[in-house]
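# Architecture and fold: a report
What follows is the residue order along each chain.
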Amino acid sequence: MSRRYPKKLRYILLGLVILLAAILFMGCGDGDDGDPGPPGPQGPPGPSGGAIIDLSTMTIKEQAELGTVILPTDSISITIDGPPVVTFSLVDELGRPVLGLDKLVTKGDDNIIRFTLAKLVNGTEGNPDYWYSYVVNNDGIPSYDSPRRRGTLVANDDNTYTYTFATDVGNNPAYDPTAAHRLGAQVGGDTGFGPSNLVFDYMPDGSAVTHKHDVAMTSSCNECHDPLISHGLRREVGYCVTCHNPGSVIAGESFNLGPMVHKIHSANPDFFEGEWSDVTYPQDLRNCRKCHSGDDAATPQGNNWRTFQNADSCFNSCHAVPESVLDRAAFHTSIIGNCGACHNNEIVAVLNIDKIHTTPNATENNPGLLAGQRKIEYEIDRVGFREGNLNIIFRILSNGTALNLKNLPADLAGPGSWPGFLIAYALPQDGIDAPADFNNLGNSAGQPKSINLGNLADGSAGTLACADGTCTATIPNPFPAGSRMRTVGLQGYFQQNIGGETIALHTQSVVKTLVSDTPRRSIADSTGCAACHEIFEGHGGNRVFTADGGVGICTLCHNPNLTSSGRTIDLDHPEATNNFKDMIHGIHAADVRTTDYEFVRNFRGSATYYNWSEVTFPGNIANCNKCHVGNSYLPDGVPEGSLLTTNRTTGQMSGMDQTVDEVVTARDNVPNDTDWVITPVTGACYACHDSSAVQAHMKQFGGGIDVNRGFVEIDTCGICHGPGDIADVKTAHNLMD
């Protein structure tokens, strides 16, 4: 019997039970059609008629099912006449009052609610404004006020709470009721309901808040961190600064948020004894707008990096300047506190921060170009195949104007790199007539053919004709008979001579499939990649993608037949799959793998070793939706026709080739029955879940890991891990639709 019939039968029985219950319920009086609330005991109706949530009568499990408890800013009132007194309310995600927090504190959860309080201080010349913390610990370091630290929390009759600080702020000489203040708070614990942070700006004298200092917002951090979490419960940048400000100095090291974050992301080896030196920041540090943008309504001071340069944020954070540099430029010593004297955008153009931070590749968060640099763009209009010839109609634009590739401008025409085409296709393989992936059979290691535009221009690889800015490349006999999914990628780059300096014009690659063929499926959302990487320049800048261009260029080469090539130099070098799916999972899953994802590549006769265990992925590795389109990450999302992943290309069943020549021969003839392969669904999971126990589980249910191609069984992962099944991937990964 098919496994689907029992499931349907269960659904039918469940439906009958629900129907019977509904019939019995009818006529039992007026019911409440409102939301019944989460599991667990409920209190009396609240002011709006909905249920009241009583934390003190709920189990930890019931609290967890409640979700996040929120402190609404419109419920906040604060008075400062000695210790601050804060009145606030708590609600759940449906807006229902949440009571019982005071009873949890009484029971011993005296850190479940915490408050910080800081005032905004005007900066000195050349330096931005900053936050000053009223609440400090015994060492004078900014901290928080809580019931554990002798603050008091009481419940009021109107479903609100009142918290009285232990810290006497009103009699602090630094207290200034005419200055902007920020109340920060966190509610929640390590277990139970989800943590929530509060950021509330106000004026103690009752006037409107006009003085602000918001230079970075949490949503920018969460594009990579997914989500940002520090100290277990801190999630909002605006809350972080109420402690991480100039007063935060530990063991002589500043933990002021701006410089601290700069040091962490630049992997400054001197910061806090090198604790953060292993951070692998995935994009150019000069992309300041990634975190700081005055164009965002939430960060009106986001352009401070352009106007308030200061030694604390620049020197010894991103720019760890050796003392010898300062010695050679002694004048820096006298004006080090006023970097804007030279680097202000309005004063000295040649030294302004925009110019200094400009990169050769324009991106969303670094849109400028070097002085005199051309903006190059690739376009493919159409790809056709007729009488054995591949015809590609395309343009290469320079500053929006199409180039005549037969007569290039002098600054591009010098010797060096030229763009070119990659030509990929799929042929029947492993008993699959219509593969869902490129395999480029007949080419060594399953690699696409590569045609340089220079070889087309000189007639050695085909022909190139250009008229009115549009060029046509004609390439004879590029595809074997029976090829499907025939696709062309325009990649590589020109080099431009600017004043005697050669600039590599790394350009967004473009991909186009023949009009008569079905394109390869798209399962990766490139905006997820670009959120962290901004721009990805693989293989020396030859293969480039951004959020707009997509990762399609990568799949032409990184297909299921590709493994690393180091064993063509030395048989002892590690070899592993370079199939795009498995490789990307293996690289980003360094923190959860039990073995290192490593391999050696033969790069022009030299062995290049890669060990991806050093990658520090900042997001939630279980969030498949970060990179995947829709439900394409599910077992049922693996398409029919998916090929086996080659993990070792070998001429021996044991994989222990006797000579380098054997390995070369096997790569020239891939796929071989002796290759070590991984089955498609198993490959997607095994790249992250590689422990011995999990491998045994996968193999028990048909998953193949390093088995010979000729002896492969069939993945049955979807029986348990498919949608709605007993171990649904969505449930296991805590994912929501």
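Residues numbered from 1 in each chain as written. Predicted model: local features only at pLDDT ≥ 70, side-chain atom pairs only at ≥ 80, totals over all residues. Heavy atoms only, no water.

What follows covers the overall build of the protein. Regarding its fold elements, the protein presents 21 helices and 31 strands. Relative to its 737 residues, the protein shows a buried fraction of 46%. Expressed as a percentage of contacts within the protein between residues at least 6 apart in sequence, the contacts between residues at least 24 apart total 65%. Summed over its atoms, the accessible surface of the protein is roughly 35,700 Å², and 54% of this surface lies on carbon and sulfur atoms. (Helix = DSSP H or I, 4+ residues; strand = E, 2+ residues; numbered from the N terminus. Buried < 20%, exposed > 50% of the residue type's maximum accessible area, 1.4 Å probe, protein only. Contact = heavy atoms within 4.5 Å. Areas by Shrake-Rupley, 256 points an atom, 1.4 Å probe, with all protein chains shown as cover.)

What follows concerns the sheet that holds strand β9 (residues 161-164). What the four strands build is an open sheet, ordered β3-β4-β9-β8; its pairing is antiparallel. Across the chains shown, the open sheet's two edge strands, defined by having one partner strand only, are β3 (77-80) and β8 (152-155). Neighbour to neighbour, the strand axes of the sheet diverge by 15° on average, direction disregarded. Sheet topology note: the strand β4 (residues 84-88)/β9 ladder contains four bridges and is antiparallel. Each bridged residue has a counterpart across the sheet, and for Val-86 the counterpart in β9 is Tyr-163. (Pairing = 2+ DSSP bridges. Axes fitted to C-alpha atoms, helices over the stretch in contact; angles between N-to-C directions.)

With that settled, consider the state of the cysteines. Enumeration according to the criterion identifies one disulfide in this entry. Cys-466 shares a disulfide with Cys-471; S-S distance 2.1 Å. Judged by the sign of its S-S torsion, about 105°, the cystine formed by Cys-466 and Cys-471 is right-handed. The exposure class assigned to Cys-471 is buried, which follows from its relative accessible area of 1%. As a non-bridged cysteine, Cys-529 has Cys-627 as the owner of its nearest cysteine sulfur, 4.9 Å distant. For Cys-529, a relative accessible area of 17% gives the class buried. Note on Cys-720: no disulfide assigned, nearest cysteine sulfur contributed by Cys-717 at a separation of 9.2 Å. (Disulfide = S-S within 2.5 Å.)

Here we take up the sheet that holds strand β7 (residues 130-133). If you trace the four strands from one edge of the open sheet to the other, you get β7-β6-β10-β11, paired in antiparallel fashion. The open sheet has two edge strands with one neighbour each: β7 and β11 (196-202). Geometrically, the sheet is characterised by an average inter-axis angle of 30° between neighbouring strands, direction not taken into account. Note: strand β6 (residues 113-121) against strand β10 (residues 181-187), seven bridges, orientation antiparallel. Counterpart to Phe-115 in the pairing with β10 is Ala-185.

All right, on to the pairing of strand β23 (residues 501-506) then. The pairing of strand β22 (residues 493-498) with β23 spans six bridges and is antiparallel. Within β23, the position partnered with Ile-498 by the bridge is Glu-501. In textbook terms, the turn of a hairpin is the stretch between consecutive antiparallel strands, and for β22 and β23 this stretch comprises two residues, one of which, Gly-499, has a positive phi near 60°.

Following the sequence through the fold, Gln-63 ends up in helix α2 (residues 60-66). With residues near it in sequence (within four places) discarded, Gln-63 still touches Leu-55, Met-58, Leu-104, Gly-192 and Phe-193.

So, about helix α6 (residues 257-265). Taken together, the buried positions of α6 are Leu-257, Pro-259, Met-260, Lys-263 and Ile-264. In this fold, the buried residues of α6 make contact with α5 (237-240), β13 (253-254) and α8 (311-314).

Attention now moves to the environment of Arg-234. Structurally, Arg-234 can be placed in the loop between α4 (218-225) and α5. Between the C-alpha atoms of Arg-234 and Ala-185, which are 49 residues apart in sequence, the distance is 9.4 Å. Reaching out from Arg-234, the side chain makes a polar contact with the backbone oxygen of His-231 at a distance of 3.4 Å. (Polar contact = N/O pair within 3.5 Å; in protein donor to acceptor, adjacent residues only side chain to side chain.)

Our next topic: the packing of aromatic side chains. In this description, an aromatic ring pair is defined by two values, namely the gap between the centres and the angle between the planes. The full count for this structure, using the stated rule, is 20 aromatic pairs. Between Phe-271 and Phe-272, the ring centres sit 6.5 Å apart and the planes meet at 50°, which makes this aromatic pair tilted. Since its relative accessible area comes to 30%, Phe-272 is described here as partly exposed. Here the aromatic residues Phe-88, Phe-115, Tyr-161, Tyr-163 and Phe-165 are joined through ring pairs into a cluster of three or more. For the cation-ring pair, Arg-114 lies above Tyr-144, with the distance from its terminal atom to the ring centre recorded as 4.4 Å. Between the NZ or CZ atom of Lys-119 and the centre of the ring of Tyr-132, over which it lies, the distance is 5.7 Å. (Phe/Tyr/Trp six-rings, centres within 6.5 Å; stacked < 30°, edge-to-face > 60°. Lys NZ or Arg CZ within 6 Å of the ring centre and 35° of its normal.)

A few words on the environment of Ile-353. Position of Ile-353 among the secondary structure elements: in helix α12 (residues 353-356). When its relative accessible area of 8% is taken as the criterion, Ile-353 is described as buried.

Among the nonpolar cores identified, the biggest contains 35 residues, and Phe-88, Leu-90, Leu-101, Ile-113, Phe-115, Leu-117 and Leu-183 are the most heavily contacted of them. Among the elements of the structure, β3, β4, α3 (101-106), β6, β9, β10 and β11 are those that each provide at least two residues to this core. Among residues more than four places away in sequence, those in contact with Leu-101 are Leu-55, Leu-90, Ile-112, Ile-113, Leu-153, Tyr-161, Val-187 and Phe-193. Among the nonpolar cores identified, the runner-up in size contains 33 residues, and Ile-396, Leu-412, Leu-490 and Leu-514 belong to it. (Core = buried A, V, L, I, M, F, W, Y, C linked by side-chain atoms within 4.5 Å.)

Following Asp-226, the chain continues to Pro-227 via a peptide bond in cis, the omega torsion being -5°. Tracing the sequence through the fold places Pro-227 in the loop between α4 and α5. Note that the residue after Val-670, namely Pro-671, is joined by a cis bond; omega there is 10°. Tracing the sequence through the fold places Pro-671 in the loop between α17 (660-668) and β30 (676-678). Positioned with a positive phi, Asp-430 is a non-glycine residue whose angle comes to about 55°. Looking at the element boundaries, Asp-430 is found in the loop between β17 (420-426) and β18 (449-452). In this model, Met-485 sits at a positive phi of 55°, which is unusual for a non-glycine residue. Tracing the backbone through its elements, the reader meets Met-485 in strand β21 (residues 484-491).

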